[in-house]
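# Observations on the three-dimensional arrangement
Here are the chains, one letter per residue:
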Amino acid sequence: MTSPIKIDIWSDIACPWCYIGKRHLEEGLAALGDDAPDVEIEYHSFELSPDTPLDFEGSTVEYLAERKGMPVERVEQMLEHVTGVAAKAGLDYHFEKVAHTKTLKAHELLHFAKAHGKQLELKERLLKAYFVEGGRVNRIDELVVFASEVGLDADAAREALESGRYAADVQADIAQAGAYGINGVPFFVFEGKYGVSGAQPAEVFGQVLTQVAGERDGAAA
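Before going further, it helps to examine the pairing of strand 1 (residues 5-11). Most of strand 1 is tucked away: 6 of the 7 residues are buried. As paired strands, strand 1 and strand 2 (residues 39-45) are joined by 7 bridges and run parallel to one another. In the sheet register, I7 faces strand 2, and the bridge partner there is I41. Handedness of the crossover joining strand 1 and strand 2 through helix 1 (residues 16-31): right-handed. Two elements, strand 1 and strand 3 (residues 187-190), share 4 bridges in a ladder whose sense is antiparallel. By the bridge assignment, D8 is partnered in strand 3 with V189.

Further remarks concern the sheet that holds strand 2. Paired through backbone hydrogen bonds, the strands of a sheet run either parallel or antiparallel to each other. As summarised here, the arrangement of the 4 strands in space is 2-1-3-4, forming an open sheet in which the pairing is mixed. If you trace the sheet from one side to the other, it starts and ends with strand 2 and strand 4 (194-197), each paired once. Each strand of the sheet is rotated relative to its neighbour by a mean of 20 degrees, with strand direction disregarded. Pairing of strand 3 with strand 4, which is carried by 4 bridges, proceeds in the antiparallel orientation. Bridge assignment links F187 to a residue of strand 4, and that residue is S197. Sheet strands in contact with helix 8 (residues 167-180) are strand 1 and strand 2, and its direction is about 100 degrees off that of strand 2.

The next point concerns empty space enclosed by the protein. Counted under the stated rule, the structure contains 1 cavity of 30 Å³ or more. Empty space within the largest cavity amounts to approximately 40 Å³. If you go around the largest cavity, the residues you meet are Y43, H44, S45, H107, L110, H111, Q119, K123 and D173. Residue assignment for the lining of the largest cavity shows that the elements contributing at least two residues are strand 2, helix 4 (104-115) and helix 5 (119-133). For the lining of the largest cavity, the residue count by class is 2 nonpolar, 5 polar and 2 charged.

Moving on, we come to the side chain of S45. In this structure, S45 sits in strand 2. Among the residues examined, S45 registers a relative accessible area of 2% and is labelled buried. A polar atom in the side chain of S45 sits 3.4 Å from the side chain of H111. S45 has contacts with W10, S11, H107, H111, V170, D173 and I174, leaving out every residue within four places of it along the chain.

With that settled, consider the pairing of strand 3. Both faces of strand 3 are covered, namely the face carrying F187 and V189 and the face carrying F188 and F190. A loop of 3 residues connects strand 3 with strand 4, the two strands running antiparallel in sequence, and E191 in this loop sits at a positive phi of about 55 degrees.

Cut-off values and rules
Residues numbered from 1 in each chain as written. Predicted model: local features only at pLDDT ≥ 70, side-chain atom pairs only at ≥ 80, totals over all residues. Heavy atoms only, no water. Buried < 20%, exposed > 50% of the residue type's maximum accessible area, 1.4 Å probe, protein only. Helix = DSSP H or I, 4+ residues; strand = E, 2+ residues; numbered from the N terminus. Pairing = 2+ DSSP bridges. Right-handed = clockwise from strand over helix to strand, strands pointing away. Axes fitted to C-alpha atoms, helices over the stretch in contact; angles between N-to-C directions. Contact = heavy atoms within 4.5 Å. 1 Å grid on protein atoms, 1.4 Å probe; cavity = no way out; pocket = protein on both sides within 12 Å on 5 of 7 lines; lining within 4 Å. Points joined across faces, edges and corners; volume = space filled by probe spheres on them. Nonpolar A, V, L, I, M, F, W, Y, C, P; charged D, E, K, R; others polar. Polar contact = N/O pair within 3.5 Å; in protein donor to acceptor, adjacent residues only side chain to side chain.

Below, the structure is given as C-alpha cells:
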C-alpha cells in the first residue's frame, strides 16, 4: 500500500483565488474517478496583505480603491470577473459583505485544527465565512464558533487563540514560503518537488496528480 501523495498548499483566507484553487483541485481529483490517487493535503499560512488593518470599515471596492490606489471602475470590473470565475467553480462570492481584516488569528486556528485532525474542514468553513457570509475572521469569539461548527472543542480553541500558542507556527509557514520564493497564493507543492502557482484549471491539477502517481508507479516497478 503506497502512502498518499502529499500536497502542501500555501494559502490565505482573504484570498479569493485560494478558495477557487481549492475547488479546482477538488474537481481535478474528482474527475480522475477510480484512477484518483490517495492524497494528503496540508494547508500552510500565508499573509497576502500584511498591511491590512484589523477592522476596515467599508466595502471591498473602497478597500481596494483606497489602500491599493486602484480606480473604482477597475476594481468593480475585477471583482465582477473574480465573482464569475468563482461561480463557475460553484462558489457564491459576496464581495459587498466581505469584512477586510488581518488573518493571522484565523491561521493560528488552522494550526490548532491541524493538531486535532480538522484542518481541511476548518479551512473550508473559514473561506465560506469570509467570502460568502461576511464573517469576521480576526475575532476570537467568531473563530471559536467556526471551530465548534466543524467539531472542534470550543474552550480548547479559545485557549489556543488567547494564548497565541500557534503564532510561531504561522510565522514559520510564512518564512518557509519566503524560503521557497513563494510571493503569491495559492501555491501548491506536490510531493515536495512540483510547484503549481495560482488557481489553475481542474484539468491541470488532474494532469499533475496523474504524472506524480505515474512516476511513483514507475519507481516502484
